[in-house]
Amino acid sequence: MSEWLFAKGRQAMKIAFVGDVHGCVLHALGAAVLLQDRRGIRLDAVIQVGDLGAYPSAERFDESSRRFGRDHPAQGDFFRLLDPSPSFAEGVRLALGKIPSVLFVSGNHEDHDWLASLHEAAGAEVVPVDPLGAYRHVACGNVVEVAGQRVAFLGLIEVPGKMDLDESAYARLTAVEPGGVDILVTHDGPYGMSRDRRGNVQGSPKLTRLIEHLRPRLHVSGHYHHPNGPRRYGRTTSYALAQLVRPKITRWEPEPVNPGQRVTAGSIGLLDTETGGFEYIEDEWLADVKGDALDLAGLIATTR
Ligand SMILES: [Fe+2]
């Protein structure tokens, strides 16, 4: 029995973590359903690391979301989730009959005002954002009990301007005692985790300080769209996830990278809370979750 379980005296659970979704909300549900089915496991929670692409309408898209959305129809699935057709709703309901709803933190590409208004209206730190309750947003700076783990959520990124880390949310988490959370979920990553194509260092010094203060067993992030980790910060192991569905083409790669809009290896992580083990999912069946118009009900029909 691991020290982690022994120390907490908690039941072993499995939590899936999902990288940047950018509107492809059916791909995320489909990948989680297949993860359970193909591995023969039961997921106790699904957590998404931000850039879900939570905008109430395409008019509210920011500039880069609009640009990508034009060539990637599946990035509009979030809007279809808000006002689902009967067949769309049927696929989502079938998925939710098999997996838990998805908790997500804010990325830099969401409608933050809209999300704040949902929290205000509900008077709650965790709110469903769609009528079927498939996705639930966790406001920055909160610690939520998820699958027996104390999970801290801090979205956005360290950058001057409106996408910057929320100062009061950051302060609330720095006020939590060291060891007071088991898992830290952020959108940005720790400083120095990688470099961009121009050689600039990526990551947030403030998040590194938060990890070193909180000392969670696990830290999971997104934002940079490629897997990174394990990285160790004292007793914390930190991982970053790939983008769930990579773009069809990029300006850096001569060949199309994902014309079939398939789920990317390394975009999903799986935690076993008993062993503390974290694994990137790179199985071939991930690529079965695909397309500009994913048939979620059809995909679920292939499961046991
Ligand atoms: Fe992103």
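I will try to describe carefully the structure that is included in this document. Model, not experiment: these values are computed from the prediction. (Residues numbered from 1 in each chain as written. Predicted model: local features only at pLDDT ≥ 70, side-chain atom pairs only at ≥ 80, totals over all residues. Heavy atoms only, no water.)

### Looking at the overall build of the protein chain
And step 1. Within the protein chain, the secondary structure is distributed over nine helices and 15 strands.
And step 2. With respect to the three principal axes, the spread of C-alpha positions in the protein chain is 45 × 45 × 45 Å. (Helix = DSSP H or I, 4+ residues; strand = E, 2+ residues; numbered from the N terminus.)

### Focus: the coordination of the iron ion
And step 1. Protein ligation of the iron ion involves Asp-20 (OD), His-22 (NE2), Asp-51 (OD) and His-225 (NE2), the donor distances falling in the range 2.1 to 2.2 Å.
And step 2. Taken together, the four donor atoms coordinating the iron ion span angles of 86 to 178° at the metal, a pattern that classifies the geometry as irregular.
And step 3. Counting the intervening residues between successive donors of the iron ion yields the motif D-x1-H-x28-D-x173-H. Taken together, the residues Asp-20 in the loop between β1 (14-18) and α2 (25-39) and Asp-51 in the loop between β2 (45-48) and α3 (63-71) connect sequence positions 31 residues apart. Both residues of the pair, Asp-20 and Asp-51, count as buried. (Donors = N, O, S within 2.8 Å, 3.2 Å for Na, K, Ca; no water. Tetrahedral: all angles 85-135°; square planar, octahedral: opposite > 155°, others 65-115°. Buried < 20%, exposed > 50% of the residue type's maximum accessible area, 1.4 Å probe, protein only.)

### Section: the nonpolar core
Inside soluble globular proteins, nonpolar side chains tend to come together where they are buried.
And step 1. Ranked by size, the top nonpolar core spans 48 residues in total, and within it Leu-29, Leu-35, Phe-78 and Tyr-135 carry the most contacts.
And step 2. Secondary-structure elements contributing two or more residues to this core are β1, α2, α4 (77-82), α5 (86-96), β3 (102-104), α6 (112-122), β14 (268-272) and α9 (296-300).
And step 3. Considering every element that reaches this core, the biggest residue donor is α2, with nine residues.
And step 4. In this structure Leu-29 touches Val-92, Ala-95, Ile-99, Val-102, Ala-134, Tyr-135 and Leu-296, once residues within four positions along its chain are discounted.
And step 5. Membership of the second largest hydrophobic core comes to 23 residues, among which are Ile-15, Ala-45, Ile-183 and Tyr-239. (Core = buried A, V, L, I, M, F, W, Y, C linked by side-chain atoms within 4.5 Å. Contact = heavy atoms within 4.5 Å.)

### Considerations on the sheet that holds strand β12 (residues 228-233)
And step 1. On the basis of which strands lie adjacent, the open sheet formed by six strands has the order β6-β7-β8-β11-β13-β12 and mixed pairing. Strands at the two margins of the open sheet, each flanked by one partner only, are β6 (142-146) and β12. Taking each pair of neighbouring strands and ignoring which way they run, the sheet shows an average axis angle of 20°.
And step 2. In this fold helix α7 (residues 167-174) packs onto β6, β7 (149-154) and β8 (183-186), with an angle of close to 150° to the strand it touches most, β7.
And step 3. Across the sheet, helix α8 (residues 205-214) touches β7, β8, β11 (218-221), β12 and β13 (236-240), and the angle it forms with β8 is around 165°. (Pairing = 2+ DSSP bridges. Axes fitted to C-alpha atoms, helices over the stretch in contact; angles between N-to-C directions.)

### Notes on unusual backbone geometry
When glycine is set aside, most residues are seen to have a negative phi, and most peptide bonds are trans.
And step 1. Each neighbour pair has its own omega, and for Gly-229 with Pro-230 the value is 5°, a cis peptide bond.
And step 2. You can see Pro-230 is positioned in strand β12.
And step 3. Its identity is not glycine, yet Leu-156 carries a phi of approximately 65°, on the positive side.
And step 4. With respect to the element layout, Leu-156 can be found in the loop between β7 and α7.
And step 5. Its identity as a non-glycine residue notwithstanding, His-223 has a phi of 70°, on the positive side.
And step 6. Following the sequence through the fold, His-223 ends up in the loop between β11 and β12.
And step 7. Given a relative accessible area of 19%, His-223 falls into the buried group.

### Some words on the environment of Asp-111
And step 1. The residue Asp-111 is located in the loop between β3 and α6 in this model.
And step 2. What makes Asp-111 buried here is its relative accessible area of 4%.
And step 3. For the pair Asp-111 and Asp-51, spaced 60 residues apart in sequence, the C-alpha separation works out to 9.9 Å.
And step 4. Ignoring sequence-local partners within four residues, the contact set of Asp-111 consists of Ala-54, Tyr-55, Pro-56 and Arg-60.
And step 5. Side chain to side chain, Asp-111 and Arg-60 meet in a polar contact 2.5 Å long. (Polar contact = N/O pair within 3.5 Å; in protein donor to acceptor, adjacent residues only side chain to side chain.)

### Things to note about the sheet that holds β14
And step 1. One open sheet holds the seven strands; their spatial order is β4-β5-β3-β2-β1-β14-β15, and the pairing between them is mixed. Every interior strand has two partners, whereas the edge strands, β4 (126-128) and β15 (278-280), have only one. Averaged over all adjacent pairs, the angle separating strand axes in this sheet is 25°, with direction ignored.
And step 2. Sheet analysis places β2 next to β3, joined by three bridges and oriented parallel.

### So, the environment of Val-92
And step 1. Within the secondary structure, Val-92 is located in helix α5.
And step 2. Its relative accessible area of 0% is what places Val-92 among the buried residues.
And step 3. Counting along the chain gives 178 residues from Val-92 to Leu-270, while the straight-line C-alpha distance between them is 22 Å.
And step 4. Sequence-distant contacts of Val-92, that is, excluding residues within four places in its chain, are made with Leu-26, Leu-29, Leu-81, Leu-132, Ala-134 and Leu-296.

### So, the pairing of strand β5 (residues 135-138)
And step 1. Where β3 meets β5, three bridges bridge the pair, whose relative direction is parallel. In the strand pairing of β5, Leu-103 is matched with Arg-136.
And step 2. Where β4 lies against β5, three bridges are found, and the strand directions are antiparallel. The partner of Pro-128 across the bridge, within β5, is Arg-136.

Just geometry here; none of it tells us what the structure is for.
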